[in-house]
Amino acid sequence: MSFAALLGRLGGMGRFQVTYVAGLALPLLMLASHNLLQNFTAGVPEHHCRAAANGSAGRVPLLAAVPYDGHHRPQRCRRYVEPQWHLLEANGTLSRMANGMANGAPTEPCRDGWTYRDGIFTHTIVTEWDLVCESKSLRQVAQSIYMAGILLGSGLFGILSDKFGRRALLTWCYLQLGVTGAGTAAAPTFLLYCLGRFLAGLAMAGVSLNSASLCMEWIPTEARALVGTFNGYCYTLGQFVLAGVAFGLPHWRWLQLTVSLPFFLFFLYSWLFVESARWQVISGRPDLALRGLRTVARVNGKREEGDKLDEEVLRAMMHQDPPLPGGAVAALVRTPGMRMVSCGVSFVWFSTSFAYYGLAMDLQGFGVDIYLSQLVFGAVDIPAKLASVLALSCLGRRVAQGGSLALAGLCILANIGVPAELRLLRMALAVVGKGSLAASFNCAYIFSGELFPTVIRQTGLGLGGTMARVGGMVAPLVRMAAEVAPALPLVIYGAAPLVSAGATLLLPETRNAPLPESLRDVERRAGYLKDEDVAVPLSTTSKDGVA
């Protein structure tokens, strides 16, 4: 009997599973808030140089202190060396104001700081630490540091959770995210703010990975796609939650604190989570797995079925591989089947994230109101993820994953031939492309978890998460290719999903298939292992001499 069949005997998608999924899904709302937090905490308000003091006369009037640009607005990063009093004359005109620089008056950088206008963003890290003009790149550096934390955490927590367990690492990450998030809200310097964001990024990756694995390993096969889509909708809903909280709390410190404090609550109730029985058996702890399974049976009203279980049944159910030479990371490429899975998953995650951020970071390029663009870009996730779960369930994992990538790539490439004047058509193609990438993310979470065996599932998901973060960090750099040819960035963004769609066809189909427990299962499913008695080669060369 397989573990999937055992879960069916213990209640299938029963009360335990429903409660478990709900407990894991609630923190996902706040994860979305942290990912997009700097859209609000690092907002840039209108600003200009602070006028210099003029002895006993006080501050120099703005018109005489700061040159105006061609749109009749004060320039952001320059001011007059000497006050231009003649601009205050009654016969001064707007054209004269706009061309204040034309009179040859020397200017200088903002030596006395900046004045920030009241508006949407009144208290942000930009206004607190003057991240404008020469220091404006530090705003992006802070977000890159956060993404670097997620990148490192994807690999680190993937390996640690395979060694120490899913629930233990998830509990720790909840606490770390709460502490570092709250600490960031109290950061007295920009350097400490960046450090807090980096540590929060580490923990965010751990929460995402371990939540996905616990769901995958406790949910019956037939419910995986539905649960994965439900979790995806929690991310989508979290984007709207962030917008509402940010509207009510315009001060960045209070906003940062508010989205971090709930993780202390998640930390407290995470002690009630039951560790993955699959992982416990594979790790040589069948007694703990038996206790957890009996808890599941009791909650689902199947106590008698739970009492029938014993440790020998669990050992026989889940084959335990010998220790993996080189550890879990080496196992990702040790055998032919694992190399195929690891390469395919890497392609999928990298291209999805790469193209996603390539579109999301160019909202202004569509010529449509940026707020409307953001709203539509968020709302398209709802039908896209619903379509993905239907495709996963009806067409299979490979078709759903490859189809979503191919559609995204075609939409991006199609925009190359659309004139800039057809703004609505360009926007429509971008929205369909972004929705396809959202569907691809949803498929990838489910498909990847079903491809890797239990013994290294977290390490495999960590590989996928790492490649996604690499794609997200590389995407902005590709924008600079527009200096060579304006259409080149779109060519690159569109080609990557199409290549990955082709790579997806090489992966095995996993719809309605039991989760692989060992490397042997992966090799057998890939067609490299036919005989039950033949061991999976664990050295670099198999008995057949094939590496």
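For the structure itself, look to the data block above.
Residues numbered from 1 in each chain as written. Predicted model: local features only at pLDDT ≥ 70, side-chain atom pairs only at ≥ 80, totals over all residues. Heavy atoms only, no water.

Undergrad: What am I meant to see in the nonpolar core here?
TA: A general feature of soluble globular proteins is that nonpolar side chains tend to end up buried together. Core analysis: the biggest nonpolar cluster contains 53 residues, and Tyr20, Leu24, Leu31, Tyr174 and Trp218 have the highest contact counts within it. Beyond its immediate stretch of four places on either side in the chain, tyrosine 174 contacts Leu24, Pro27, Val207, Ser211, Phe263, Phe266, Phe267, Ser270 and Phe273. The next biggest cluster of nonpolar side chains, apart from the first, holds 38 residues, and it includes Val345, Phe354, Phe441 and Phe447. (Core = buried A, V, L, I, M, F, W, Y, C linked by side-chain atoms within 4.5 Å. Buried < 20%, exposed > 50% of the residue type's maximum accessible area, 1.4 Å probe, protein only. Contact = heavy atoms within 4.5 Å.)

Undergrad: Please explain the pattern of salt bridges as it appears in this structure.
TA: Proximity of charged atoms lets side chains of opposite charge pair with each other. Under the criterion given, the structure shown has four salt bridges. Of the charged contacts in the structure, one is a salt bridge between aspartate 381 and lysine 434, with a shortest N-O distance of 2.6 Å. Taken together, the positions of aspartate 381 in helix H20 (residues 381-394) and lysine 434 in helix H22 (residues 423-451) put the pair 53 residues apart, joining distant regions of the chain. A salt bridge links arginine 524 to aspartate 521; the nearest nitrogen and oxygen atoms lie 3.1 Å apart. Residue arginine 524 and its partner aspartate 521 are both found in helix H25 (residues 519-526); the two are separated by three residues, about one turn of the helix. (Salt bridge = Lys/Arg side-chain N within 4 Å of Asp/Glu carboxyl O. Helix = DSSP H or I, 4+ residues; strand = E, 2+ residues; numbered from the N terminus.)

Undergrad: Would you mind going over the packing of helix H2 (residues 15-35) against helix H9 (residues 190-218) with me for this structure?
TA: A packed helix pair is summarised by two numbers, namely the angle formed by the two axes and the spacing between the axes. Their axes nearest at 10 Å, the elements H2 and H9 cross at an angle of 155°. Judged by the angle between their axes, H2 and H9 are roughly antiparallel. Crossing handedness for the pair H2 and H9: left-handed. Contacts from Phe16, Gln17, Tyr20, Val21, Leu24, Leu31, His34 and Asn35 in H2 reach Arg197, Met204, Val207, Ser208, Ser211, Leu214, Cys215 and Trp218 in H9. Among the residues forming the contact of H2 with H9, the class breakdown is ten nonpolar, five polar and one charged. (Axes fitted to C-alpha atoms, helices over the stretch in contact; angles between N-to-C directions. Parallel < 35°, antiparallel > 145°, perpendicular 65-115°, else oblique. Left-handed = near helix turned anticlockwise from the far one by under 90°. Nonpolar A, V, L, I, M, F, W, Y, C, P; charged D, E, K, R; others polar.)

Undergrad: Would you explain the packing of helix H11 (residues 252-260) against helix H12 (residues 262-269) in this entry?
TA: Their axes nearest at 5 Å, the elements H11 and H12 cross at an angle of 15°. With respect to H12, the axis of H11 lies roughly parallel. Of the residues in H12, those in contact with Thr258, Val259 and Ser260 of H11 are Pro262, Phe263 and Phe264. Taken together, the residues of the contact of H11 with H12 break down into four nonpolar, two polar and no charged.

Undergrad: What's the story with unusual backbone geometry in this structure? I'm lost.
TA: Excluding glycine, residues mostly carry a negative phi; peptide bonds, for their part, are mostly trans. Non-glycine residue aspartate 130 carries a positive phi angle of around 50°. By the element assignment, aspartate 130 lies in the loop between helix H6 (125-129) and helix H7 (137-164). Under the relative-accessibility criterion, aspartate 130 is labelled partly exposed at 27%.

Undergrad: Explanation requested: helix H8 (residues 166-185) in the structure shown.
TA: In an α-helix there are 3.6 residues to a turn, and that puts residues three or four apart on one side. Between its first and last C-alpha atoms H8 spans 29 Å; for 20 residues at 1.5 Å apiece the expected length is 28 Å, and the two agree. Of all the 20 residues making up H8, 14 are buried; the element is thus mostly covered by neighbouring parts of the structure. (Expected span 1.5 Å × (residues − 1).)

Undergrad: Just checking my understanding: could you explain the environment of alanine 297 for this structure?
TA: Following the sequence through the fold, alanine 297 ends up in helix H14 (residues 286-299). Along the backbone, alanine 297 and arginine 9 are 288 residues apart, and their C-alpha atoms lie at a distance of 8.6 Å.

Undergrad: Just checking my understanding: could you explain the packing of aromatic side chains for this structure?
TA: Ring pairs (aromatic) are described by centroid distance and by the angle formed between their planes. Per the stated rule, a full pass over the model turns up 18 aromatic pairs. Plain terms: the ring middles of phenylalanine 350 and phenylalanine 354 are 5.5 Å apart, the flat faces sit at 10° to each other, and that makes the pair stacked. In this pair, phenylalanine 350 and phenylalanine 354 both sit in helix H18 (residues 336-360), four residues apart, roughly one turn of the helix. Ring geometry for phenylalanine 354 and tyrosine 493: centres 5.1 Å apart, planes at 55°, overall tilted. Of this pair, phenylalanine 354 sits in helix H18 while tyrosine 493 sits in helix H24 (residues 488-504), and the two are 139 residues apart along the sequence. Exposure remark for phenylalanine 354: the relative accessible area of 3% places this residue in the buried category. (Phe/Tyr/Trp six-rings, centres within 6.5 Å; stacked < 30°, edge-to-face > 60°.)

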